[in-house]
Amino acid sequence: MVRPNRTRMDYLERFQKMIDDYNTGSMNVDEFFRRLMEFAHGLNKEDQRTIRENLSEEEITLFDILTKPEPDLDGKEKQQVKMVARELLEKLKQEKCVLDWRKRQQSRAAVKVSIEELLDKGLPAIYTTELFQKKVDAVYQHVYEAYQGAGQSMYLGVVLRILTDM
């Protein structure tokens, strides 16, 4: 869950802290099991969030980057950000993240400009100039790490793992 969506890093940190507390003797087996069950319940809720939000795993990652930890959005603004995430992902995958896009400066710049333009056009006015630039940079970094080009992405591996686990 953390690899495709780094905004979920807190889950990994909480899990590691539980293990560390158990290993240092700060909690007994019964308490560890109780906390582990609560943690698993939280993971199930997070896993089902894509369905509740009506977004794919890729789209919810962009949505999370654009909304966490800030700004605090109302319902209409959240819908606006969801639409921007969908549109941005579609445009990047179809037009910009082509074969070896990360190797050429011009291609990388075109991806960054597309991100800036689409976010500028579609994000609600609540995004300040400083926050907007942080979100542009975070989205670009995610796209750079997640999409190799020519239809290859980290999400393909996630989907294959899910299918083989079924």
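Provided above is the structure to which this section pertains.
Described in the following lines is the structure provided in the data block.

Cut-off values and rules
Each chain carries its own residue numbering, running from 1 in the direction its sequence is written. Only residues with pLDDT of at least 70 get local features here, since the model is predicted, and only at 80 or more are side-chain atom pairs given and counted; chain-wide, interface and lining totals rely on the full set of residues. Working from all heavy atoms in the structure, the side-chain values ignore hydrogens and water. Helix and strand definitions here come from DSSP, where helices need a minimum of 4 consecutive H or I residues and strands a minimum of 2 consecutive E residues; each element is numbered from the N-terminal end. For the exposure calls, accessible area comes from a 1.4 Å probe over protein chains only, and a residue counts as buried if that area is under 20% of its type's maximum, exposed if over 50%, partly exposed in between. Two aromatic rings, drawn from Phe, Tyr or Trp (for Trp, its six-membered ring), form a pair once their centres lie within 6.5 Å of each other, and the interplanar angle then sorts them: stacked below 30 degrees, edge-to-face above 60, tilted otherwise. Here an axis means a line fitted to C-alpha atoms, over the contact stretch when the element is a helix, while the angle between two N-to-C directions is reported on a 0 to 180 degree scale. In these notes the angle categories are as follows: under 35 degrees is roughly parallel, over 145 is roughly antiparallel, 65 to 115 is roughly perpendicular, and the rest is oblique. Handedness of a crossing follows from how the near helix is turned relative to the far one, being left-handed for an anticlockwise turn of less than a right angle and right-handed for a clockwise one. Contacts: residue pairs with any heavy atoms within 4.5 Å of one another. Residues are grouped as follows: Ala, Val, Leu, Ile, Met, Phe, Trp, Tyr, Cys and Pro are nonpolar; Asp, Glu, Lys and Arg are charged; every other residue, Gly included, is polar.

Some words on unusual backbone geometry
Geometrically, the link from K68 to P69 is a cis peptide bond, its omega value of -5° lying close to zero. By the secondary structure assignment, P69 is in the loop between α3 (57-67) and α4 (75-96). Backbone torsion omega between E70 and P71 reads 5°, so that peptide bond is classified as cis. Following the sequence through the fold, P71 ends up in the loop between α3 and α4. In this structure, N54 takes a positive phi of about 60° despite not being glycine. For N54, the position within the fold is in the loop between α2 (29-53) and α3.

Describing α3
Among the 11 residues that make up α3, 10 are buried, leaving the element largely enclosed by the rest of the structure. Among all positions of α3, only E58, E59, I60, T61, L62, F63, D64, I65, L66 and T67 are buried.

Concerning the packing of aromatic side chains
Counted by the stated rule, this structure contains five aromatic pairs. Taking 5.5 Å as the distance between ring centres and 20° as the angle between the ring planes, the aromatic pair formed by F15 and F39 counts as stacked. Within this pair, whereas F15 is found in helix α1 (residues 9-23), its partner F39 is found in helix α2, the two being separated by 24 residues in sequence. Judged by relative accessible area, F15 falls into the partly exposed class, the value being 30%. When the ring of Y22 is compared with that of F32, the centres are 4.8 Å apart and the planes differ by 35°; the resulting orientation is tilted. Taken together, the positions of Y22 in helix α1 and F32 in helix α2 put the pair 10 residues apart, joining distant regions of the chain. With relative accessibility at 33%, the residue Y22 sits in the partly exposed group. The rings of W101, Y140 and Y144 are connected pair by pair, giving a single aromatic cluster.

Notes on the packing of α3 against α4
A pair of packed helices is characterised by two quantities: the angle between their axes and the separation of those axes. Here α3 crosses α4 at 125°, and the two axes come no closer than 9 Å. Judged on the interaxial angle alone, α4 and α3 are oblique. In the packing of α3 onto α4, the handedness of the crossing is right-handed. Counted together, E58, E59, L62, F63, L66 and T67 of α3 and K78, V81, K82, A85, R86, L88, L89 and K93 of α4 form the full contact between these two elements. Residue composition of the contact of α3 with α4, grouped by class: seven nonpolar, one polar and six charged.

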